[in-house]
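# Breakdown of the fold
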Amino acid sequence: MTDTIAAVATAMTASGIGIIRMSGPDSRKIAGKVYRSKGGKKRIEEVSSHTINYGFICDGEETIDEVLVMVMDGPRSYTGEDTVEIDCHGGVLAMKRVLETVVKYGARPAEPGEFTKRAFLNGRMDLSQAEAVIDVINAKNEYALKSSLGQLKGNIQKAIQEIRERIIFQIAYIESALDDPEHISIDGYGETLGKEVELLKERLQQLLQTVREGKLMKEGIKTVILGKPNAGKSSLLNILVGEERAIVTDIAGTTRDILEESIVLHGISLRMIDTAGIRSTEDVVEKIGVKKAIEYAKDADLILYVVDSSVPLDENDREILELLQDKRAIVILNKADLDPVVTEDILRKKTKHAVVSISAKEEEGIDLLEQQMKDMFFDGELSFNDEIYITNVRHKAALEEAKRSLELVENSIQMQMPEDFFSIDLMNAYEALGSIIGESVGEDLVNEIFSKFCTGK
Ligand SMILES: Nc1nc2c(c(=O)[nH]1)N(C=O)[C@@H](CNc1ccc(C(=O)N[C@@H](CCC(=O)O)C(=O)O)cc1)CN2
Ligand SMILES: Nc1nc2c(ncn2[C@@H]2O[C@H](COP(=O)(O)OP(=O)(O)OP(=O)(O)O)[C@@H](O)[C@H]2O)c(=O)[nH]1
């Protein structure tokens, strides 16, 4: 890492300020070549570290922009290297020109995630913390953000290190006993180790148990609105989206028919999946069949089934209600403002799910519905707190591998295998856990992880 990298660290759109970041041994030198102070006397090479310096970026005689230049000498910087940040005006062209100028005078354009990669390689953070950086950036709700910040501050690293220390202690004990059988007795050790392994497995299991919640927290609760044509699905979606003043994103899904809008309800993200089919005015349930409708809902975390209270239930409703029995669902009785043909009581006889009456038209009953949704995921099954959440599939796989290795240790103990058998699987568990924090991981994995970052991070 002898070269000096540079990138625009802020978004490439017109904004108040743009930051061009440089990291590497020549940061000050390069900044010196392009910086002019107001009176022309101040030199970036000579200013104290951790100062902010007003001036201009120039390419020879040409002034590129008016800026503030921040100097942070390593190791007291994000990357641990000498760093210079140039705060310029946040115009796309201004940012581009400043970047081009520092590149012209010796910096190399950074690859995605290269600053954080350097921070990792320089020991400023472990791999789980580096991965948290991207999660902080991508967090879509306050719980996901909180969890990512915990990870950034090292809570996963700490938990993993604690388990690893206990494993290495056992390995060390076995090794020394095998080396020095006269002084260190290994009699009855199998039993002691068995108890310790059980505790360690429990701890791993505790962490693994957070995966489901972690996934819902990070990715949002996949919610599908189902119902027959004209039941009021679109009206409901619009209210839910509108009421929460959510960041509405229209993402074209895998098929052109599927639309997804994300809303945040009580701090939890709901990914509202709406199929164009179900949205259209055609009689989709009949057209595509009940089975297909349910298929849409197959891997949903929550189904909102909308029933029009002004028309009688038919076979399709009954069939769908039946099929929803073993799913997580709320049955919504819409059009409460009209004379009812279907009542809550009638519906309750047909479903074990909560039934909520609303009028999408008059916007009534929506609070109750939202409360119901919140209770379902929040006070009920989900209890987001300050605990650690495993949200990263790589971490999950490593924890599972460590657990499997510990199970092998248990087998060996039971089968009264020689002690060095214990060490091998203990070591595997130790290394699997090590991969979470980036110990002895291959260059390929490191590159893959950082390639998912944005440029400038
Ligand atoms: N302008 C700017 N804002 C930013 C960042 C940045 O790099 N630049 N960050 C980048 O993501 C985040 C803040 N993270 C940072 C993490 C560590 C250090 C750092 O210099 N650490 C040194 C010194 C600490 C100290 O002085 O106490 C260290 O840990 O030794 C800086 C920023 C968000 N805001
Ligand atoms: N009176 C009354 N009309 C409603 C209510 N909710 C929706 N509607 C009306 O019912 C019709 C259908 O509403 P949509 O929201 O388009 O229903 P949908 O289920 O999305 O319909 P499709 O797109 O055909 O599948 C519209 O004319 C709405 O104005 C309600 O609570 N009360």
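Since the structure is predicted, the reported quantities are computational estimates derived from the model, not experimental observations.

Now for the overall build of the protein chain. Looking only at helices and strands, one finds 16 helices and 14 strands in the protein chain. Looking at the protein chain as a whole, 49% of its 457 residues are labelled buried. Pairs at least 24 residues apart make up 67% of the contacts formed inside the protein chain by residues separated by at least 6 positions.

It is worth spelling out the nonpolar core at this point. Counting residues in hydrophobic clusters, the biggest one holds 33 residues, and the most contacted among them are Ile160, Ile167, Leu193, Leu399, Phe422, Leu426 and Leu433. The set of elements that each furnish at least two residues to this core consists of helix H6 (155-179), helix H7 (189-219), helix H14 (393-414) and helix H15 (419-437). Apart from residues lying up to four places away in sequence, Leu399 is in contact with Ile160, Leu204, Leu207, Leu208, Ile390, Leu433 and Ile436. The next biggest cluster of nonpolar side chains, apart from the first, holds 27 residues, and it includes Ile221, Ile263, Ile358 and Met373.

Using the residue numbers shown here, the UniProt feature "binding site: (6S)-5-formyl-5,6,7,8-tetrahydrofolate" (unreviewed entry) corresponds to Arg21, Glu85, Arg124 and Lys457. Tracing the backbone through its elements, the reader meets Arg124 in the loop between helix H3 (114-121) and helix H4 (127-138). Apart from the residues within four sequence positions on either side, Arg124 is in contact with Pro75, Ser77, Tyr78, Thr79, Gly80 and Ala119. Here Pro75 takes part through its backbone oxygen, which lies 2.9 Å from a polar atom of the side chain of Arg124.

What counts, and where the lines are drawn
Residues numbered from 1 in each chain as written. Chains lettered and ligands numbered in written order. Predicted model: local features only at pLDDT ≥ 70, side-chain atom pairs only at ≥ 80, totals over all residues. Heavy atoms only, no water. Helix = DSSP H or I, 4+ residues; strand = E, 2+ residues; numbered from the N terminus. Buried < 20%, exposed > 50% of the residue type's maximum accessible area, 1.4 Å probe, protein only. Contact = heavy atoms within 4.5 Å. Core = buried A, V, L, I, M, F, W, Y, C linked by side-chain atoms within 4.5 Å. UniProt positions renumbered as here; feature names shortened; annotations may be inferred. Polar contact = N/O pair within 3.5 Å; in protein donor to acceptor, adjacent residues only side chain to side chain.

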